[in-house]
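# Topology and contacts: notes
Listed below are the residues making up each chain.
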Amino acid sequence: MAEVVKLPKMSDTMTEGVIVKWNYKVGDSVKSGDILAEVETDKATMDMEVYAKGTILHLAVSEGEATPVDSIIAIVGAAGEDFQSLLSAAPAAASPAPSAEPAATQPVATSTTVPSAATTPAATNNDRLKASPLAKKLAEDKGINIQEVTGSGENGRIIKKDIENFTPSASASTNVAAPAVSGVESYHEVNVSQMRKTIASRLAESKFTAPHFYLTVEINMDKAVVAREQMNQISDVKISMNDLVVKAAAASLRKHPTINSSWLGTKIRYNHHIHIGVAMAVEDGLLVPVVRFADNKSLSQISAEVKDYGKKAKEKKLQPQDWAGNTFTISNLGMFGIEEFTAIINPPDACILAVGGVKETVGVVNGEIKPVKVMKVTLSCDHRVVDGASGAQFLKTLKDYLEEPVTLLV
């Protein structure tokens, strides 16, 4: 008997997914455990297993199409078996929504200019482009106007080899390479990725639901800079300034559990464990993998773990367990030359720490004006949970740890 295959919820915040690639086609045989497709969620591109056994009778979603969680994406059964009754029983789930967008990991570049006699039909064609996500990505990388490529795939679909074998005309090459001239309006657009949709939704909800307030402190980092240099002479992994901040924040949270909390509507949860989310920028947005039990880990352990998360994030190999369970979050833009900023609280945390870069300036040390290295950090707090005094006490402890980093080691 034919079985429907539905899109599973592959992360705690996933509401829809994009089928990046089907690994099987209609007519192929599959068994339980086979990787049916690659799915782009709001956090990463992940493998999706099939648990049915038989022949693929129908694929309800095209590559590059978005579809809601729990919608029908395929039907598996005996070869030649009638499956139309399964589709008619759930018409909304069996066909992708008209507004479904191509996978945002394969952005489609478009351009609009002031109309002229030189405008080509391809440039003004509003029909939906039939091209595989890989072909779109290759075209973007090579600077090829994909509207000019003739597809050799099914129903004229543009595939990888069409891009690889494409030779632009002389006029087309000129149009692609030439910069915008004075008086010409131009732009390009990319589809919103699943990750970016979730970032927009969750952080907008956080910003407009949680009453934020902000506390900033300047920290003398002279001793921290020296301590880091000394540690890196003996450490197997290179310890970053951010690793020091993670360790100091974890130690400070142990002394100030009010900061390590969550607003649950009718309850406030005070977490006894300390799981620190470390915000990481990736191509499509932001991921926040979690260093668990950070207060119990050495600086070398924290450094190795964060570096491993960074590698996985860039390769889109983070798994749901990697980004779940944070009780406090750190966002560091110091490596980009940012001196000070405020961050939006990352739910369900009650606080997030925004960390700026270490800069050299002058300050008064023991009554003398001397060159000093300082760093500014800003704590964003949910006022439903954390009061100003609690936030200030946490920052004082954090400042004490970073100004005397040897205290982190005892």
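Structural data are supplied above this passage.
Description of the structure in this document. Not measured: the values here are computed from a predicted model.

Right, let's get into the packing of aromatic side chains. Evaluated as defined, the whole model comprises 1 aromatic pair. Geometrically, the ring pair formed by phenylalanine 328 and phenylalanine 394 is tilted, given 5.6 Å between the ring centres and 55° between the ring planes. Here the residue phenylalanine 328 occupies a position in strand S16 (residues 328-332), and phenylalanine 394 occupies one in helix H11 (residues 388-403), the gap between them amounting to 66 residues. Neither residue differs from the other here; phenylalanine 328 and phenylalanine 394 are each classed as buried.

Now for empty space enclosed by the protein. Per the counting criterion, the structure on display carries 2 cavities of 30 Å³ or more. Estimated volume of the second largest cavity: approximately 30 Å³. For the second largest cavity, the full set of lining residues is Glu218, Glu339, Gly357, Lys359, Val374, Met375 and Lys376. Partitioned by chemical class, the residues of the lining of the second largest cavity number 2 nonpolar, 1 polar and 4 charged.

Across 4 bridges, strand S2 (residues 16-22) lies against strand S4 (residues 35-40) in antiparallel orientation. Opposite valine 18, over in S4, you have glutamate 40 as the bridge partner. Pairing of S4 with strand S5 (residues 45-49) involves 5 bridges; the strand directions are antiparallel. The residue bridging glutamate 38 from the neighbouring strand is aspartate 47, located in S5.

Counting 76 residues, the largest nonpolar core has Ile73, Ile276, Phe328, Ile330, Leu353, Val377 and Leu402 as its most contacted members. Per-element tally for this core: the top contributor is helix H8 (residues 241-255), with 9 residues. When near neighbours in sequence (up to four residues on either side) are disregarded, isoleucine 73 contacts Val5, Lys6, Leu7, Ile19, Trp22, Met48, His58, Leu59, Ala60, Val61 and Thr67. Leu138, Ala139, Val149 and Phe166 belong to the second largest nonpolar core, which has 10 residues in total.

Where H8 meets helix H9 (residues 299-314), the closest approach of the two axes is 9 Å, and the angle between their N-to-C directions is 120°. Regarding the angle of H8 to H9, the classification is oblique. With respect to the hand of their crossing, H8 and H9 are arranged in right-handed fashion. On H9, the residues that touch Asp243, Leu244, Val246 and Lys247 of H8 are Leu299, Ile302, Ser303, Val306 and Lys307. The residue inventory of the contact of H8 with H9, partitioned by class, reads 5 nonpolar, 1 polar and 3 charged.

Procedures and definitions
Residues numbered from 1 in each chain as written. Predicted model: local features only at pLDDT ≥ 70, side-chain atom pairs only at ≥ 80, totals over all residues. Heavy atoms only, no water. Phe/Tyr/Trp six-rings, centres within 6.5 Å; stacked < 30°, edge-to-face > 60°. Helix = DSSP H or I, 4+ residues; strand = E, 2+ residues; numbered from the N terminus. Buried < 20%, exposed > 50% of the residue type's maximum accessible area, 1.4 Å probe, protein only. 1 Å grid on protein atoms, 1.4 Å probe; cavity = no way out; pocket = protein on both sides within 12 Å on 5 of 7 lines; lining within 4 Å. Points joined across faces, edges and corners; volume = space filled by probe spheres on them. Nonpolar A, V, L, I, M, F, W, Y, C, P; charged D, E, K, R; others polar. Pairing = 2+ DSSP bridges. Core = buried A, V, L, I, M, F, W, Y, C linked by side-chain atoms within 4.5 Å. Contact = heavy atoms within 4.5 Å. Axes fitted to C-alpha atoms, helices over the stretch in contact; angles between N-to-C directions. Parallel < 35°, antiparallel > 145°, perpendicular 65-115°, else oblique. Left-handed = near helix turned anticlockwise from the far one by under 90°.

Read these as layout, nothing more, since geometry by itself doesn't imply function.
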